[in-house]
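Residue strings, one per chain:
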Amino acid sequence: MSSVLLAQEAATTNLNAGLAAIGYGLGAIGPGIGVGLIWAAVINGTARQPEAQSKLMSIAWTTFVLVEVLALIGLVVYFIASTA
Amino acid sequence: MGRLVLAEGDVFSPPGVKDFFLPPIFGDVTKPMVLLVLSVIIVSAFFLITSRNLKIVPGRWQFAAESVYDFGRNNIARDQIGSKEFKPFVPLILSLFTFILVNNLFGVIPIFQFPTMARISFPLALAILVVYPVYHFVGIKKFGLGGYLKNQLFPPGVPTPVYVLLTPIELFLKFFMDPITLAIRVFAAMFAGHLILLVFTLGGEFLLLHAAAPLKPVSLVAWAFAIAMTFLEAFIQILQAYIFALLTASFIGRALAEDH
């Protein structure tokens, strides 16, 4: 009797939280690569031309935020999906 | 059976969204509201006091205020808007920067320990009620409605058939997504950072109080990580305030640009 109940409970367990976490992990790959590419380019540029660093930094931050927001939107979606 | 274990407190319940809904202090007033008002007082008091008795050779406090002002004026506003038109926007950019900075830093300052911007409504109000109208207004004021829309939706130097694709994308990005991503960026960073601090601190506490004896020392590792994360969090909080101001300036600059 109790084992039947436990089995039923297991069958109806909400998997959304785990699935959402996996989804966010997958979704964070893209922005991770993007942010890495941006800073790699900045480091390269600074190594080649140190005096251009301040100019490169402002361009880097503006592009960095465009990529970063994808991961952050993913985080918001994770919380929406895991509670649904 | 599972319920019983939970009730005894032997199972770690990870912190989640529920930890951001604090009980009201009095009436309908909650902690973020109080912090918001406090931040306005702190920012205005800081600038009023430090600029009351200005000298040619700045003292310590005047120097601090001047550094902040200089940063907002030269590094954010002038770089993004352009040296011709940036002057009227310096107060807006500077107050956005300092306001968000103080609100974010509340997250790591003891006693306060709650970043106001971790509640979506505050950054959303800033982005939709302040930044969004400002940059569209200045653009429309400068070019007229038709000229402004033509500038924003039909970027030059593109073959004509491409506009079929490009114009809806530009419309969607500039009139819909920009303010939303602006708000979500600072919100999600503050939210995630605060949650990480909660996980490490509460996890350490749980290990110390409820774990088996050999595992108890691990709580020290968790707290060491919580301290390290606090420093990272402080850095991210400053960065997010800078980015919010930077993007505001960049939107204004884009609205005012001649041929973009």
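Coordinates for the structure precede this section.
Computed from a predicted structure; not experimentally measured. (Residues numbered from 1 in each chain as written. Chains lettered and ligands numbered in written order. Predicted model: local features only at pLDDT ≥ 70, side-chain atom pairs only at ≥ 80, totals over all residues. Heavy atoms only, no water.)

Undergrad: Help me understand helix H5 (residues 121-153) of chain B in this model?
TA: Because the α-helix completes a turn every 3.6 residues, residues three or four places apart line up on one side. Spanning 33 residues, H5(B) covers only 29 Å between terminal C-alpha atoms, well under the ideal 48 Å at 1.5 Å per step. Gly144(B) marks the point of greatest bend in H5(B), at about 110 degrees. (Helix = DSSP H or I, 4+ residues; strand = E, 2+ residues; numbered from the N terminus. Expected span 1.5 Å × (residues − 1). Bend = angle between axes of the 7 residues up to and from the residue.)

Undergrad: What am I meant to see in unusual backbone geometry here?
TA: In terms of backbone geometry, most residues other than glycine have negative phi values and most peptide bonds are trans. Residue and element names in this part refer to chain B. Positive phi values are uncommon outside glycine, yet Ile 111 reaches one of about 80 degrees. Mapped onto the fold, Ile 111 is located in the loop between helix H4 (90-105) and H5. The class of Ile 111 is exposed, set by a relative accessible area of 75%. A positive phi is found at Gln 113, a non-glycine position, where the angle reads about 50 degrees. Within the secondary structure, Gln 113 sits in the loop between H4 and H5. Of the residues examined, Gln 113 reaches a relative accessible area of 41% and is grouped as partly exposed. (Buried < 20%, exposed > 50% of the residue type's maximum accessible area, 1.4 Å probe, protein only.)

Undergrad: Looking at this model, I keep getting lost on the packing of helix H2 (residues 31-50) of chain B against helix H3 (residues 60-81) of chain B. Mind explaining?
TA: Packed helix pairs are characterised by how far apart their axes lie and by the angle those axes make with each other. Residues and elements named next belong to chain B. As a packed pair, H2 and H3 sit with axes 9 Å apart at the nearest point and diverge in direction by 120 degrees. In terms of axis orientation, H2 runs oblique to H3. As H2 packs across H3, the resulting crossing turns out to be left-handed. Packed against H2, whose contacting residues are Phe 46, Phe 47 and Thr 50, the element H3 presents Trp 61, Gln 62, Ala 64, Ala 65 and Val 68 at the interface. A breakdown of the residues in the contact of H2 with H3 according to their chemical character gives six nonpolar, two polar and no charged. (Axes fitted to C-alpha atoms, helices over the stretch in contact; angles between N-to-C directions. Parallel < 35°, antiparallel > 145°, perpendicular 65-115°, else oblique. Left-handed = near helix turned anticlockwise from the far one by under 90°. Contact = heavy atoms within 4.5 Å. Nonpolar A, V, L, I, M, F, W, Y, C, P; charged D, E, K, R; others polar.)

Undergrad: What's the story with the packing of aromatic side chains in this structure? I'm lost.
TA: Here the distance between the centres and the angle between the planes together describe a pair of aromatic rings. Per the stated rule, a full pass over the model turns up 17 aromatic pairs over all chains. Seen in terms of ring centroids, Phe79(A) and Phe191(B) are 4.9 Å apart; in terms of plane orientation they differ by 85 degrees. Their pairing is edge-to-face. Taken together, the positions of Phe79(A) in helix H4 (residues 53-83) and Phe191(B) in helix H6 (residues 163-210) put the pair across two chains. Judged by its relative accessible area of 15%, Phe79(A) is buried. Taking the centre distance of 4.3 Å and the plane angle of 25 degrees together, the rings of Phe20(B) and Phe191(B) count as stacked. Remark: Phe191(B) occurs in helix H6 and Phe20(B) occurs in the loop between helix H1 (2-8) and H2; sequence separation between them is 171 residues. Since its relative accessible area comes to 2%, Phe20(B) is described here as buried. The rings of Tyr78(A), Phe79(A), Phe20(B), Phe114(B), Phe187(B) and Phe191(B) are connected pair by pair, giving a single aromatic cluster. (Phe/Tyr/Trp six-rings, centres within 6.5 Å; stacked < 30°, edge-to-face > 60°.)

Undergrad: Which parts of the structure should I look at to understand the nonpolar core?
TA: For soluble globular proteins, the rule of thumb is that nonpolar side chains tend to be buried together. If you look at the biggest cluster of nonpolar residues, it comprises 63 residues, and the most contacted ones within it are Ile93(B), Ile100(B), Met117(B), Ile243(B), Phe244(B) and Ile252(B). If you tally residues by element for this core, the top one is helix H7 (residues 218-256) of chain B, at 13 residues. (Core = buried A, V, L, I, M, F, W, Y, C linked by side-chain atoms within 4.5 Å.)

Undergrad: How should the pattern of salt bridges be read in this particular structure?
TA: Two side chains with opposite charge may pair up if their charged atoms get near one another. All names here are of chain B. Going through the model one piece at a time under the given rule, you end up with four salt bridges over all chains. Note that Lys 142 and Glu 85 form a salt bridge whose closest N and O atoms lie 2.7 Å from each other. Here Lys 142, found in helix H5, pairs with Glu 85, found in the loop between H3 and H4; they are 57 residues apart in sequence, far enough to count as distant. What makes Lys 142 partly exposed here is its relative accessible area of 33%. A salt bridge links Asp 178 to Arg 254; the shortest N-O distance between them is 2.9 Å. One end of the pair, Asp 178, is in helix H6; the other, Arg 254, is in helix H7, with 76 residues separating them in the sequence. (Salt bridge = Lys/Arg side-chain N within 4 Å of Asp/Glu carboxyl O.)

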